[in-house]
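Chain by chain, the residues run as shown.
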Amino acid sequence: MDRFSWTTGLLELGETLVVQQRGVRLSDGEEKVKFDSGVLLLSTHRLIWRDQKNHECCIAVPLSQIVFIEEQAAGIGKSAKIVVHLHPASSNKEPGPFQSSKYSYVKLSFKEHGQIEFYRRLSEEITQRRWESMPTGQAMQVNKDSQAGRIRAVGIVGIERKLEEKRKETDKNISEAFEDLSKLMEKAKEMVELSKSIANKIKEKQGDITEDETIRFKSYLLSMGIANPVTRETYGSGTQYHMQLAKQLAGILQTPLEERGGIMSLTEVYCLVNRARGLELLSPEDLVNACKMLESLNLPLRLRIFDSGVMVIELQSHNEEEMVAAALETVSEKGSLTADEFAKLVGMSVLLAKERLLLAEKMGHLCRDDSVEGLRFYPNLFLTQS
Amino acid sequence: LSQMSKQLETFRTHLQAFASKHKQEIRRSPAFRLQFQHMCAAIGVDPLASGKGFWAEVLGVGDFYYELGVQIIEVCLALRHCNGGLITLEELQQQVLRGRGKFAQDVSADDLLRAIKKLKVLGSGFGIIPVGGTFLVQSVPAELNMDHTVVLQLAE
């Protein structure tokens, strides 16, 4: 704890803030000190701790002082911690809260979470050592400290060497990954070029190409993730895969739909289906494309798109227009209703409740009162009491 | 067309080789994912278009983003009664990370934005509003007209 110095907390020229986290306690090794609740800031050059109640109380330690860091998982009643092992303080360090300390490490307790992100960022900064290439206003004692450190504590040298090797290996892995990625992208680019030329040929020979070949081509494009503007007009965006998917969906969604009054928004369907699948999840586009085919395949469900753009799945047997008549009765009983109140009464989601009320309005059964307080619906007396 | 089919098979093999070496990297590193997305966009490929695409099947990119989509929807629904369907990107990130648990992979702001862009297809009002230096995520289909948007941006 004696490695820390008082500071204003302002960042120097050339120093940038990387991440910050509230609710962090600073401990001197195993002992608690008065730095109980503060904001911990990580910059490219230093680790700074500022008291949440008293902003004047602000201390910092240069990142160059850090030997290595460890994570301590949270336990019962204990928050997650990061343990920061430090070099001994340099002789010309600025004055700090402690003159001496029997520990060569400090603990950061993350009382309000944020430990994973902070640990990652701190490791990155320590690995990248950006403070060496970005000199700030303060005199940087980097090399001197590590020299002094090496002479005094031999055990630490071994740890540092291991860190260095780990860093080199990670760097190598990453650059290898990026190289392979570039090569892969080159090949992908060739595929895109080829598909474009085929798409052009199709456009020229419109009508000459068989349905079978178009379907094959579309599935190729789907595999690559290329948009297919040409075939979309002729046969829609669906493929064999989507047709099978539509049939599966009809099976899966029958019961949930009945439980929810015969109608579900597409977001609910997306969550339900993907949660059930666990692996090999559906993309939103897959879901939409499959649902578009429901009606043409004579399945007991259908996709319905409201004027506002909201998309729902409903049972064939579900008739929204009948529902509207019921809605009108409910509104008349209560005099007037907003979408929230209606949703609560009937037991459906607010989104769908709003759609039903809007549909009722479109059919002329309800009138709206649009004010600062919100949107309220009344029975349309103009029509009934002329 | 058959030529394309052959080329696709070759490509698939290359992709599998890549995946066996680097699949972990995609799940682990937001920086790698970002680079990957940029390169795909540069050549006109959308790796998230379909769960049946090569990218999703072989590399597993799809599952990461689709699951993130589900988590985003759940967070927004849970908090809707508090914040009326508008949430900052930072808070969304915190809540999603909290829900993912201690041992889950890290999620960057870019990851969230991409997942949300895909969710828009579902038609239920997911929108992204630039405010100040960051973004607000809207999860209800209320139309924010120009006045509302300006007020939001000024309130930053």
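Parameters at a glance
- Residues numbered from 1 in each chain as written.
- Chains lettered and ligands numbered in written order.
- Predicted model: local features only at pLDDT ≥ 70, side-chain atom pairs only at ≥ 80, totals over all residues.
- Heavy atoms only, no water.
- UniProt positions renumbered as here; feature names shortened; annotations may be inferred.
- Helix = DSSP H or I, 4+ residues; strand = E, 2+ residues; numbered from the N terminus.
- Contact = heavy atoms within 4.5 Å.
- Core = buried A, V, L, I, M, F, W, Y, C linked by side-chain atoms within 4.5 Å.
- Buried < 20%, exposed > 50% of the residue type's maximum accessible area, 1.4 Å probe, protein only.
- Polar contact = N/O pair within 3.5 Å; in protein donor to acceptor, adjacent residues only side chain to side chain.
- Pairing = 2+ DSSP bridges.
- Axes fitted to C-alpha atoms, helices over the stretch in contact; angles between N-to-C directions.
- Buried area = accessible area lost by both parts, 1.4 Å probe.
- Salt bridge = Lys/Arg side-chain N within 4 Å of Asp/Glu carboxyl O.
- Nonpolar A, V, L, I, M, F, W, Y, C, P; charged D, E, K, R; others polar.
- pLDDT = per-residue confidence, 0-100.

Looking at an unreviewed UniProt entry, one finds chain B named Vacuolar-sorting protein SNF8, with Ploceus nigricollis as its source organism.

Taking an unreviewed UniProt entry as the reference, chain A is identified by name as Vacuolar protein-sorting-associated protein 36 belonging to Ploceus nigricollis. Here is the UniProt Function (unreviewed entry) comment for chain A, exactly as written: "Component of the ESCRT-II complex (endosomal sorting complex required for transport II), which is required for multivesicular body (MVB) formation and sorting of endosomal cargo proteins into MVBs." Here is the UniProt Sequence similarities (unreviewed entry) comment for chain A, exactly as written: "Belongs to the VPS36 family."

Draft legend 1. Fine view of the environment of Thr338 of chain A. All names here are of chain A. With respect to the helices, strands and loops of the structure, Thr338 is situated in strand β13 (residues 337-338). In sequence terms Thr338 and Phe377 are 39 residues apart; their C-alpha atoms lie 6.1 Å from each other. With sequence-adjacent residues up to four places away left out, Thr338 is seen in contact with Leu357, Leu375 and Arg376.

Draft legend 2. How the structure looks around the nonpolar core. In this structure, Trp55, Ile72 and Leu92 of chain B are the most contacted members of the largest nonpolar core, which totals 83 residues. For this core, the element with the highest residue contribution is helix α4 (residues 61-83) of chain B, accounting for eleven residues. Excluding its chain neighbours within four sequence positions, the residues that come into contact with Ile72 of chain B are Leu92, Val96, Leu112, Ala115, Ile116, Leu119 and Phe126 of chain B. Counting residues in hydrophobic clusters, the runner-up holds 28 residues, among them Phe4, Val19, Ile82 and Phe118 of chain A.

Draft legend 3. Main features of the side chain of His85 of chain A. Residues and elements named next belong to chain A. Note on placement: His85 falls in strand β8 (residues 80-86). On the accessibility criterion, His85 (18% relative accessible area) is buried. Among the polar contacts listed, one links the side chain of His85 to the side chain of Glu70, at a separation of 3.1 Å. Setting aside residues no more than four positions away along its own chain, His85 makes contact with Gln65, Ile66, Val67, Phe68, Glu70, Ser104 and Tyr105.

Draft legend 4. Quick look at the sheet that holds strand β1 (residues 86-88) of chain B. All names here are of chain B. Read from one edge of the open sheet, three strands run β1-β3-β2, paired in antiparallel fashion. Of all strands in the sheet, those with a lone pairing partner are β1 and β2 (127-131), marking the two edges. Going across the sheet, the axis of each strand differs from the next one's by a mean of 30°, ignoring polarity. Here five bridges tie β2 to strand β3 (residues 134-138), and the two strands are oriented antiparallel to one another. Within the sheet, the bridge partner assigned to Val131 lies in β3 and is Thr134.

Draft legend 5. Local environment of the side chain of Arg114 of chain B. Within the secondary structure layout, Arg114 of chain B lies in helix α6 (residues 109-119). Here Asp110 of chain B takes part through its side chain, which lies 2.9 Å from a polar atom of the side chain of Arg114 of chain B.

Draft legend 6. Seen up close, the interface of chain B and chain A. Taken together, the contact pairs 51 residues of chain B with 54 residues of chain A. Where chain B abuts chain A, roughly 5100 Å² becomes buried across the two surfaces, and 70% of that area is made up of carbon and sulfur atoms. Note that Glu285 of chain A is salt-bridged to Lys118 of chain B, the shortest N-O span being 2.9 Å. Applying the counting rule to chain B against chain A returns four residue pairs in polar contact (both at pLDDT 80 or more). Here the element with the most residues in the side of chain B that touches chain A is helix α1 (residues 2-28) of chain B; it accounts for 13 residues. Considered class by class, the residues forming the side of chain B that touches chain A number 24 nonpolar, 16 polar and eleven charged.

Draft legend 7. Local environment of the pairing of β8 of chain A. Residues and elements named next belong to chain A. Counted residue by residue, β8 has seven buried out of seven residues, so it is predominantly covered. With burial as the criterion, each face of β8 is covered, one bearing Ala80, Ile82, Val84 and Leu86 and the other bearing Lys81, Val83 and His85. Pairing analysis gives six bridges linking strand β7 (residues 66-72) to β8, with the strands arranged antiparallel. Looking across to β8, one finds that Ile66 is bridged to Leu86.

Draft legend 8. Just the confidence of the model for chain A, in detail. Residue and element names in this part refer to chain A. Confidence in the prediction of chain A, expressed as mean pLDDT, is 77, and 86% of residues score 70 or more. When pLDDT is averaged over each helix and strand of chain A, the minimum, 42, is found for helix α3 (residues 142-152) and the maximum, 88, for strand β9 (residues 105-110). Across residues 137-153 the pLDDT falls below 50, and counting only partners more than four positions away or on other chains, this stretch makes 16 contacts in the model. Every residue in residues 229-236 scores below 50 in pLDDT, and together they form 13 contacts with partners more than four places removed in sequence or on other chains.

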